[in-house]
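Next come the chains, spelled out residue by residue.
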Amino acid sequence: MGDILDDIFGGNFGTPGVKAREDLLLTRTVTPAIAFEEFEQIRTNPLLFLLFYEDIKQHKVLESLNFILEVEEYTALPEEFRMMREKEIMDMYIVTGAPNEINVTDAQRKTISEKSGKAQTDIFLDAQKYITHMLIRNVDNTWKYKKSNPKVIRGKDIKKAIDKSIDDQRTRDLIYYFVARRITPLMYQA
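Now for a description of the structure that goes with this document. Owing to the predicted nature of the structure, the values given are computational and were not obtained by experimental measurement.

### Overview of the overall build of the protein chain
At step 1: Secondary structure summary: the protein chain contains 10 helices and 0 strands in total.
At step 2: The order of helices and strands in the protein chain, counted from the N terminus, is α-α-α-α-α-α-α-α-α-α.
At step 3: By the burial criterion, 41% of the 190 residues in the protein chain qualify as buried.
At step 4: Nonlocal contacts in the protein chain, meaning residues at least 24 apart in sequence, comprise 58% of its contacts between residues at least 6 apart.
At step 5: Of the roughly 10,900 Å² that the protein chain leaves accessible, carbon and sulfur atoms contribute 53%.

### As for empty space enclosed by the protein
At step 1: Tallying each qualifying case throughout the model produces 1 cavity of 30 Å³ or more.
At step 2: Taken together, Gln 108, Thr 111, Ile 112, Lys 115, Asp 122, Ile 123, Phe 124, Leu 125, Asp 126 and Ala 127 form the lining of the largest cavity.
At step 3: Among the elements of the structure, helix H6 (106-115) and helix H7 (125-137) are those that each provide at least two residues to the lining of the largest cavity.
At step 4: The class makeup of the residues in the lining of the largest cavity is 5 nonpolar, 2 polar and 3 charged.

### Structural notes on the nonpolar core
At step 1: In terms of nonpolar packing, the biggest core is built from 45 residues, with Phe 52, Phe 67 and Phe 124 touching the most fellow members.
At step 2: When contributions to this core are tallied by element, the ones reaching two or more residues are helix H2 (32-44), helix H3 (46-58), helix H4 (62-76), helix H5 (79-94), H7, helix H9 (156-165) and helix H10 (169-180).
At step 3: Those residues in contact with Phe 52, other than ones at most four positions away along the chain, are Phe 39, Ile 42, Leu 65, Leu 135, Ile 136, Val 139, Trp 143 and Tyr 145.

Rules behind the numbers
Residues numbered from 1 in each chain as written. Predicted model: local features only at pLDDT ≥ 70, side-chain atom pairs only at ≥ 80, totals over all residues. Heavy atoms only, no water. Helix = DSSP H or I, 4+ residues; strand = E, 2+ residues; numbered from the N terminus. Buried < 20%, exposed > 50% of the residue type's maximum accessible area, 1.4 Å probe, protein only. Contact = heavy atoms within 4.5 Å. Areas by Shrake-Rupley, 256 points an atom, 1.4 Å probe, with all protein chains shown as cover. 1 Å grid on protein atoms, 1.4 Å probe; cavity = no way out; pocket = protein on both sides within 12 Å on 5 of 7 lines; lining within 4 Å. Points joined across faces, edges and corners; volume = space filled by probe spheres on them. Nonpolar A, V, L, I, M, F, W, Y, C, P; charged D, E, K, R; others polar. Core = buried A, V, L, I, M, F, W, Y, C linked by side-chain atoms within 4.5 Å.

Printed below as a string of structure tokens:
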């Protein structure tokens, strides 16, 4: 077994003293396009998504997934509802020191700040792509969802599975919308 950088990049960096564990290495470099593709595969199978959600909680990166879910909802809202949600998302995830601050670049924070106040559907798009990439990139073979092959469920079974797995009603609604791509009535309440 070679060094971590040798294993990941196939090069000959020779980082002394740092050895990679072969069982934790991914077989390919995760580009943003690959991350999006994998995330869409997770999204299309509700049971797999719920396993992914449990892994997210265990690895303490739930704020990243919540941000992605909130942005999905935000982009689907009619314009008159977006202004309020935009401010809530910024205050919860984007501003420095936010309760669930996500790890985005200063340039992305600046871009979001410049676009704020206009209820644009793409205000959080770059940050959402970046967080999706970071989230999937940090997955290794210890994540349970990577080891499973759950059956595909549809219709009312999706809602039942989500209701059984998630306690918080707001999170259930966001996840249901995210995996089923349906807007729930709670999303339109002011």
